[in-house]
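Fold and geometry: a report
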Amino acid sequence: MFFHIVLERNMQLHPRYFGRNLRDNLVSKLMKDVEGTCSGRHGFVVAITGIENIGKGLIRDGTGFVTFPVKYQCVVFRPFKGEILEAVVTMVNKMGFFAEAGPVQIFVSNHLIPDDMEFQSGDMPNYTTSDGSVKIQKDSEVRLKIIGTRVDATEIFCIGTIKDDFLGVINDPATA
Amino acid sequence: MSLVTDSPVHSSSSDDFAAFLDAELDSKSSDSSPNEEGAKGEFDSDSSDSSTNEEAENDSDTENQRIKRSRVEKLENLEDPKRSTSNGSLEQNLGASSSKDACIHPGSFGDMCILCGQKLNEETGVTFGYIHKGLRLGNDEIMRLRNTDVKNLLCHKKLYLVLDLDHTLLNSTQLMHMTLEEEYLKSQIDSLQDVSNGSLFMLDFMHMMTKLRPFVRTFLKEASQMFEMYIYTMGDRAYALEMAKLLDPRREYFNARVISRDDGTQRNQKGLDIVLGQESAVLILDDTETAWTKHKDNLILMERYHFFASSCHQFGFNCKSLSELKSDESDSDGALASVLKVLRKIHHMFFDELVDNLDGRDVRQVLKTVRKDVLKGCKIVFSRVFPTQFQAENHHLWKMAEQLGATCSRELDPSVTHVVSQKLGPRSLVGL
């Protein structure tokens, strides 16, 4: 789920960036450092939308670097256990399938795929129902439920299931 | 499907969506506006009652706090009756949670169980990093997958084939090891944009040149109809993936089944433990026997492909390499073509000639039978091959000849068909 929150960070700036463009340099350094990173508490920082406040800079003893406390607004993405998400399938194999919802990698094991769907190998591996009406293959869109998440510094991993009501394929790329 | 049954342990960890929402709504009681109020009221439709109408009208902070508290209480009240009125269902919930607690944890993805989502700390099972980063499967799950998959494949009349890269399907050399006589090759390289027809490639970013073995494309195409193929190389993952791109640009033969030395469980040894196929249905094509000490019965040894000079030097040959002689292995008559014939024969024997049940068949038995056909009917005498005091039957050449179907003897008699000798000398051949 996406959130729009205010975060704070202490940015260290080298004196070469001081001058007329101090604020711009600080903001661009912030964007470079923070956008695309992950944290356990907030999830994946998608984009910075604005700077709320830049505090007074404090010169560090001995190095000349200056530390500015910056408060900024940003859009974060964090999956939760129990959340329903839509994702795009990236890989299908005999163990289940991998799907992606933005920066989040989700794995749905074949234990959590409805029993009437069987794995078909081939050059386009897929899971199909016995009557062929529903097919999950690469680039299909599926609605799944998250049952576990793990966040590390750069990536978020999730385990998902489609074994409940209203979950499964939304859009078949073959017929789209 | 209610929130209660979904979270039998009412966890307050930030992982749980419902708990997180509760916490956030509670903490943000000071900053609210009528619009926000209305939205929150709609969202919390479970506890819809007259209080939501009041929220829209009132605007003061104290009022908001009172409403927030009542909303949270209402939610808890809703949950409480559900818990107290149906003790039976509570026991059912506990039962359900205990069966969930008894989850067998078949495997993990990013340290979480793939079935129940719990965080797992133990390191049992085998890592399948080549399929996807972070994937690990337990031994029971691997066995279960192998069983279902082999049944599936046998229905489609396919077996498994594990292919080595270096000296089997191709030959690579580092650019700095190329000799002067090989410089002409640099002008004959094929384009990396259209890989399907080329055989000589220069990979600048890896500082190497690769030559694909003649007949390899036809070989892969024909073999893919009889086998599900894996690449298993002792190179690193980056090298393995680049070679897979050259051999299989449309990802139709190998897909994600590219195993490198980073994925193996033992150093310097290849194993079938990370191949998701029953050992009784796997054939291996490799030029190095020492890498497969545990699976010698599945292995078909290939003649090495030495195209570049560095490859010849690596194995101690002082002759000129194929590239220096400006020639190559024969396309239709080379090692790959002959091994394809052998694979076809094995496949045919496995599926068409064996009488017993599909489950009981073992490709290793078939391989043994085919091997015995090679020197069938030959009787061999070895002369000057073994050291004088050596027990002849224990020598590996004797054993190899017997494996290939020949009978060996130490003495010459009229039934002998072949003599294997080291060199011609005055005392070697006696009265033939």
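Residues numbered from 1 in each chain as written. Chains lettered and ligands numbered in written order. Predicted model: local features only at pLDDT ≥ 70, side-chain atom pairs only at ≥ 80, totals over all residues. Heavy atoms only, no water.

Quick notes on the overall build of chain B
Formally: Numbering of helices and strands runs from the N terminus, with a helix taken as a DSSP run of H or I at least four residues long and a strand as a DSSP run of E at least two residues long. Burial classification: accessible surface area is computed with a 1.4 Å probe over protein chains only, and a residue below 20% of its type maximum counts as buried, one above 50% as exposed, and the rest as partly exposed. In this description, contact between two residues means that some pair of their heavy atoms is separated by no more than 4.5 Å. Only the protein chains shown count as cover for residues, and the accessible areas themselves come from Shrake-Rupley with a 1.4 Å probe.
Counting secondary structure elements, chain B contains 13 helices and 15 strands. Counting the 432 residues in chain B, one finds 41% classified as buried. Pairs at least 24 residues apart make up 65% of the contacts formed inside chain B by residues separated by at least 6 positions. Carbon and sulfur atoms make up 51% of the accessible area of chain B, which totals about 24000 Å².

Quick word on the interface of chain B and chain A
Worth spelling out the cut-off: Throughout, the accessible surface (probe 1.4 Å) given up by two parts as they are put together, summed over both, is called the buried area. When a carboxyl oxygen of Asp or Glu is within 4 Å of a side-chain nitrogen of Lys or Arg, the pair counts as a salt bridge.
Facing 34 residues of chain B, the contacting portion of chain A comprises 32 residues. Across the interface of chain B and chain A, roughly 3000 Å² is buried in total on both sides, 63% from carbon and sulfur atoms. Where chain B touches chain A, the interface holds 4 salt bridges. As a salt-bridge pair, B:Glu228 and A:Lys94 come within 3.4 Å of each other at their nearest N and O atoms. When contributions to the side of chain B that touches chain A are tallied by element, the ones reaching two or more residues are α2 (17-27), β2 (112-113), β4 (135-137), α7 (139-155) and β9 (227-232) of chain B.

Side note on the layout of surface pockets
Formally: Lining residues are those with an atom within 4 Å of a point, where the points come from a 1 Å grid over the protein atoms alone and group into cavities, where a 1.4 Å probe fits but cannot get out, or pockets, open sets with protein on both sides within 12 Å along at least five of seven lines. Grid points are joined across faces, edges and corners, and a volume is the space filled by probe spheres set on the points. All amino acids are sorted into three groups, where Ala, Val, Leu, Ile, Met, Phe, Trp, Tyr, Cys and Pro are nonpolar, Asp, Glu, Lys and Arg are charged, and the leftover types, Gly among them, are polar.
Each pocket or cavity is described by its volume, and for the second largest pocket that value is around 1100 Å³. Lining the second largest pocket are 40 residues, and of these B:Arg251, B:Phe254, B:Asn255, B:Ala256 and B:Arg257 lie nearest its centre. Contributions of two or more residues to the lining of the second largest pocket are made by β6 (84-93) of chain A together with β9 and α9 (237-247) of chain B. Classifying every residue of the lining of the second largest pocket gives 19 nonpolar, 8 polar and 13 charged.

A few points about helix α11 (residues 335-353) of chain B
So the rule is basically this: An expected span of 1.5 Å times one less than the residue number is assigned to each helix.
Taking 1.5 Å of rise per residue, the 19 residues of α11(B) would be expected to cover 27 Å, and the 26 Å separating its terminal C-alpha atoms lies within 8% of that figure. Turning to α11(B), its buried residues number three or more, namely B:Ala335, B:Leu336, B:Ala337, B:Val339, B:Leu340, B:Leu343, B:Ile346, B:His347, B:Met349, B:Phe350 and B:Phe351.

A closer look at the domain arrangement of chain B
For an interface, size is often stated in terms of accessible area lost upon the parts coming together. We count it as follows: These domain boundaries are the output of an automatic or database domain assignment.
When cut into domains, chain B gives domain 1 (159-350) and domain 2 (374-421). The centre of domain 1 of chain B, based on its C-alpha atoms, is set 33 Å off from the matching centre of domain 2 of chain B.

A few points about the packing of aromatic side chains
Two measures describe an aromatic ring pair: the distance that separates the ring centres and the angle between the ring planes. As a reminder of what qualifies: By convention, a stacked pair of Phe, Tyr or Trp rings (six-membered ring in the case of Trp) has centres within 6.5 Å and planes under 30 degrees apart, an edge-to-face pair has planes over 60 apart, and any other such pair is tilted. Think of it as a cone above the ring: NZ of Lys or CZ of Arg counts as a charge over the ring if it is within 6 Å of the ring centre and within 35 degrees of the ring normal.
Across all of its chains, the model carries 12 aromatic pairs over all chains by this definition. Aromatic pair A:Phe98 and B:Phe109: ring centres 5.5 Å apart, planes at 70°, arrangement edge-to-face. Here A:Phe98, found in strand β7 (residues 96-101), pairs with B:Phe109, found in strand β1 (residues 107-109), and the two come from separate chains. Note on accessibility: A:Phe98 and B:Phe109 belong to one class, buried. For the pair A:Phe157 and B:Phe109, a centre-to-centre distance of 5.1 Å together with 70° between the ring planes defines the contact as edge-to-face. On the criterion of chain membership, the pair formed by A:Phe157 in strand β13 (residues 156-161) and B:Phe109 in strand β1 is interchain, its members lying in two chains. For the pair A:Phe157 and B:Phe109, a shared accessibility class is recorded, and that class is buried. B:Lys211 extends its terminal NZ or CZ atom over the ring of B:Phe307, reaching a point 5.1 Å from the ring centre.

Description of the UniProt feature "domain: RNA polymerase Rpb7-like N-terminal" (unreviewed entry) in chain A
Short version of the rule: UniProt positions are given in the numbering used here, feature names are shortened, and annotations may be inferred rather than shown by experiment.
Within the UniProt annotation, "domain: RNA polymerase Rpb7-like N-terminal" (unreviewed entry) is assigned to residues 8-64 of chain A. Helix makes up 23% of residues 8-64 of chain A and strand 39%. Its end C-alpha atoms lie 22 Å apart.

Thoughts on the domain arrangement of chain A
Residue and element names in this part refer to chain A. As far as domains go, chain A holds domain 1 (2-77) and domain 2 (84-171). Computed over C-alpha atoms, the centres of domain 1 and domain 2 are 37 Å apart. Contacts between domain 1 and domain 2 engage 7 residues on the former and 10 residues on the latter. Buried surface at the junction of domain 1 and domain 2, both sides included, amounts to about 540 Å², of which 80% is carbon and sulfur.

Focus: the environment of B:Ala309
Residue and element names in this part refer to chain B. On the secondary structure map, alanine 309 appears in helix α10 (residues 309-314). The exposure class assigned to alanine 309 is buried, which follows from its relative accessible area of 1%. Separated by 13 residues in the primary sequence, alanine 309 and leucine 322 place their C-alpha atoms 7.8 Å from one another. Those residues in contact with alanine 309 that lie beyond four places of it in its chain are Thr179, Glu182, Ser321, Ser323 and Glu324.

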